[in-house]
Amino acid sequence: MRGVFVDANGSLANIFERQNKAGDPAVHVNRNADIKSEDMPALLGGAEIVVIDHTSLPTDVAKRCTGLKHVVFLGTGARSYMNPDQLAELGIEVHLIKGYGDTAVAECAIALMWAAARGIAKMDREMRAGNWLREDGMQLTGKTLGLIGFGGIAAEVARIAVGSGMKVIAWNRSPKQFAGVEFVSLEVLLAQSDVVSLHLLLNDETRGFLSRERIHAMKPGVILVNTARAAMVDEAAMIEALKSGHIRHAGLDVFNTEPLPANHPLTEIPNVTLSAHSAFRTPEASENLIHTAWEHCRRIAKGS
C-alpha cells in the first residue's frame, strides 16, 4: 500500500520524515505546499492513501484519483476542504485528527482575548507610525467569558480563564460538566458574556450560527474571539457591529477568504486583531499532528 503527503510545508515534511519507522507503509512526501487540487491525480499516481494538510479535494477531482481509498486530513475541519459524504459514496474514507492542537488553539484564543481587551495591536500600529496612543483597556479579572461549544479546545480555554480569575459560562448542544464552568442556555450566554469565544465544528447546522439576530443579542461592548471557522459568523453583521461599537473588539484567526485580501474590510477596521489562521501552529501541536497521521497510515496499511 502506497501513500502521498501531497502538500507538505518544510516543517511538517521534516517531522513526517523523522517520525517514519521501519516497516511503515511507503508514503512519499511532496514538499510543494502550494499545489492545486487538479494536480492531485498525477501526484498520487494510483496511491491508496493521500495525506492532506490544506489543499481542497473536490469530488470531481477525487473521481480521477484512481486507486484512492483513504484521505488522512491533518485536522478536524475536513468539510471546509472536501465533502466526506460524497467521497464515502466513491469508496473513499476520510480520517480526521482530533485533539492534537487543543492547547495551542486555546492559548491563541486566550492571547486574542487579552490583546483585544487591552488594544495591543492598535497601540502597536499607532506607535510604529509615530503616534503615542493611550486608551483604557478592559480588565478581564472578574469578567464573564462565554464559550459557544465545549470540546477539547474550549475545555483548555476554560482551564486557563478560570485560573486567571474569570467567570466562565458555556453552551453546548449536549450536556457537559467541567470544573469551574456553568453551563447555560445560549440566550443567557449571549446576554451575560463580556467575551464570547466560538468553539463549534463547522457543519450544515453551525454555518451562520452567530447570525445577525444573535450578534444583536450579545452584550453591548462584548469582545468576540473566533479560532474555529469564519463561516459560523455572519461577517457583514459582525462588521456592522464592530463599526457601531456593539462589538468592542474582535480577535479573529479564521476568515471566509484565506489568505485575507489586503483590501478586505476587516483590515481597515481598527478594533480588530487579526491572526493568519495560525492558532494550531506550534512545534508541539505539529509533532502530535504528524504522530497521529502516521498512526492512521499504519492502521490503514494493516487493514485494521
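Notes on the structure in this doc start here. What you see is a predicted model; the values in this text were computed from it and never measured. (Residues numbered from 1 in each chain as written. Predicted model: local features only at pLDDT ≥ 70, side-chain atom pairs only at ≥ 80, totals over all residues. Heavy atoms only, no water.)

1. A look at unusual backbone geometry
The condition that has to hold: Secondary structure elements are defined from DSSP: runs of H or I of at least 4 residues count as helices, runs of E of at least 2 residues count as strands, and each element is numbered from the N terminus.
Cis geometry marks the peptide bond from Glu258 to Pro259, where omega comes out at -5 degrees. Tracing the chain through its elements places Pro259 in the loop between strand 11 (247–252) and strand 12 (272–274). Of note in this structure, His277 is not a glycine but carries a positive phi near 45 degrees. Tracing the chain through its elements places His277 in the loop between strand 12 and helix 11 (283–302).

2. A look at the packing of aromatic side chains
Short version of the rule: The pairing test for Phe, Tyr and Trp rings, Trp by its six-membered ring, is centres within 6.5 Å, and the orientation test on the planes gives stacked under 30 degrees, edge-to-face over 60, and tilted for anything in between. Here the term buried applies to any residue with accessible area under 20% of the maximum for its type, exposed to any over 50%, and partly exposed to those in between, with areas from a 1.4 Å probe on protein chains only.
In this structure the tally under the stated criterion is six aromatic pairs. Both rings, one in Phe5 and one in Phe16, keep their centres 5.3 Å apart while their planes meet at 65 degrees; by these two values the pair is edge-to-face. Remark: Phe16 occurs in helix 1 (residues 10–18) and Phe5 occurs in strand 1 (residues 2–5); sequence separation between them is eleven residues. Here the two residues Phe5 and Phe16 agree in accessibility, since each one is buried. Measuring from ring centre to ring centre gives 5.1 Å for Phe150 and Phe183, while their planes differ by 75 degrees; the resulting arrangement is edge-to-face.

3. Examining the environment of His28
Selection rule: The contact criterion used throughout is that any non-hydrogen atoms of two residues lie within 4.5 Å.
Structurally, His28 is set in strand 2 (residues 26–29). Distance from His28 to Ala47, taken between C-alpha atoms, is 9.7 Å for residues 19 residues apart in sequence. For His28, the contacting residues outside a window of four places in its chain are Gly3, Val4 and Phe5.

4. Topic: the pattern of salt bridges
Selection rule: In the sections that follow, a salt bridge refers to a side-chain nitrogen of Lys or Arg positioned within 4 Å of a carboxyl oxygen of Asp or Glu.
In the structure shown here, the tally under the stated rule is eleven salt bridges. Across the salt bridge formed by Asp24 and Arg298, the nearest N and O atoms sit 2.7 Å from each other. With a gap of 274 residues between them, Asp24 in the loop between helix 1 and strand 2 and Arg298 in helix 11 connect regions that are remote in the sequence. Each member of the pair, Asp24 as well as Arg298, carries the same accessibility label: buried. In this structure, Arg128 and Asp124 form a salt bridge, with 2.8 Å as the shortest nitrogen-oxygen distance. In this pair, Arg128 and Asp124 are both assigned in helix 6 (residues 120–128), four residues apart and thus about one turn of the helix distant. Residue classification places Arg128 among the exposed residues on the basis of a relative accessible area of 70%.

5. A look at the nonpolar core
How we decide: The criterion is simple. A nonpolar core is a set of buried Ala, Val, Leu, Ile, Met, Phe, Trp, Tyr and Cys residues joined through side-chain atoms within 4.5 Å.
Of all hydrophobic cores here, the largest spans 32 residues; its most connected members are Ile148, Ile215, Met238, Ile247 and Leu266. Contributing elements (two or more residues each) for this core: strand 7 (167–171), helix 8 (186–192), strand 9 (195–198), strand 10 (222–226), helix 10 (235–244) and strand 11. With five residues, helix 10 is the single largest residue contributor to this core. Ala106, Cys108, Val157 and Ala170 belong to the second-largest nonpolar core, a separate cluster that totals 27 residues.

6. Quick word on the sheet that holds strand 7
Cut-off, in case you're wondering: Note on pairing: two strands pair once DSSP finds at least 2 bridges between them. Interaxial angle, 0 to 180 degrees, is taken between N-to-C directions of lines fitted to C-alpha atoms, where a helix line uses only the stretch in contact.
Taken in spatial order, the seven strands line up as 8-7-6-9-10-11-12 in an open sheet, and their pairing is parallel. Taken across any chain shown, the strands that pair with only one partner, and hence form the sheet edges, are strand 8 (181–183) and strand 12. Pairwise comparison of adjacent strand axes, ignoring direction, gives a mean angle of 20 degrees for this sheet. Bridge count for strand 10 against strand 11 is five bridges, and the pairing is parallel. Looking across to strand 11, one finds that Val225 is bridged to Gly251. Across the sheet, helix 5 (residues 102–118) lies against strand 6 (144–148), strand 9, strand 10, strand 11 and strand 12, angled at about 150 degrees from strand 10, the strand it touches most. In this fold helix 10 packs onto strand 10, strand 11 and strand 12, with an angle of close to 130 degrees to the strand it touches most, strand 11.

7. Examining helix 10
Cut-off, in case you're wondering: Polar contacts here mean pairs of N or O atoms no more than 3.5 Å apart (in protein, one a potential hydrogen donor and the other a potential acceptor; neighbouring residues in sequence count only if both atoms are side-chain atoms).
Within helix 10 the residues assigned to the buried category are Ala237, Met238, Ile239, Ala241 and Leu242. Between the side-chain oxygen at the start of helix 10 and the backbone nitrogen of Ala236 there is a gap of 3.2 Å, and the oxygen is on Asp234. Once helix 10 ends, the next one or two residues include Gly245, with phi positive near 90 degrees.

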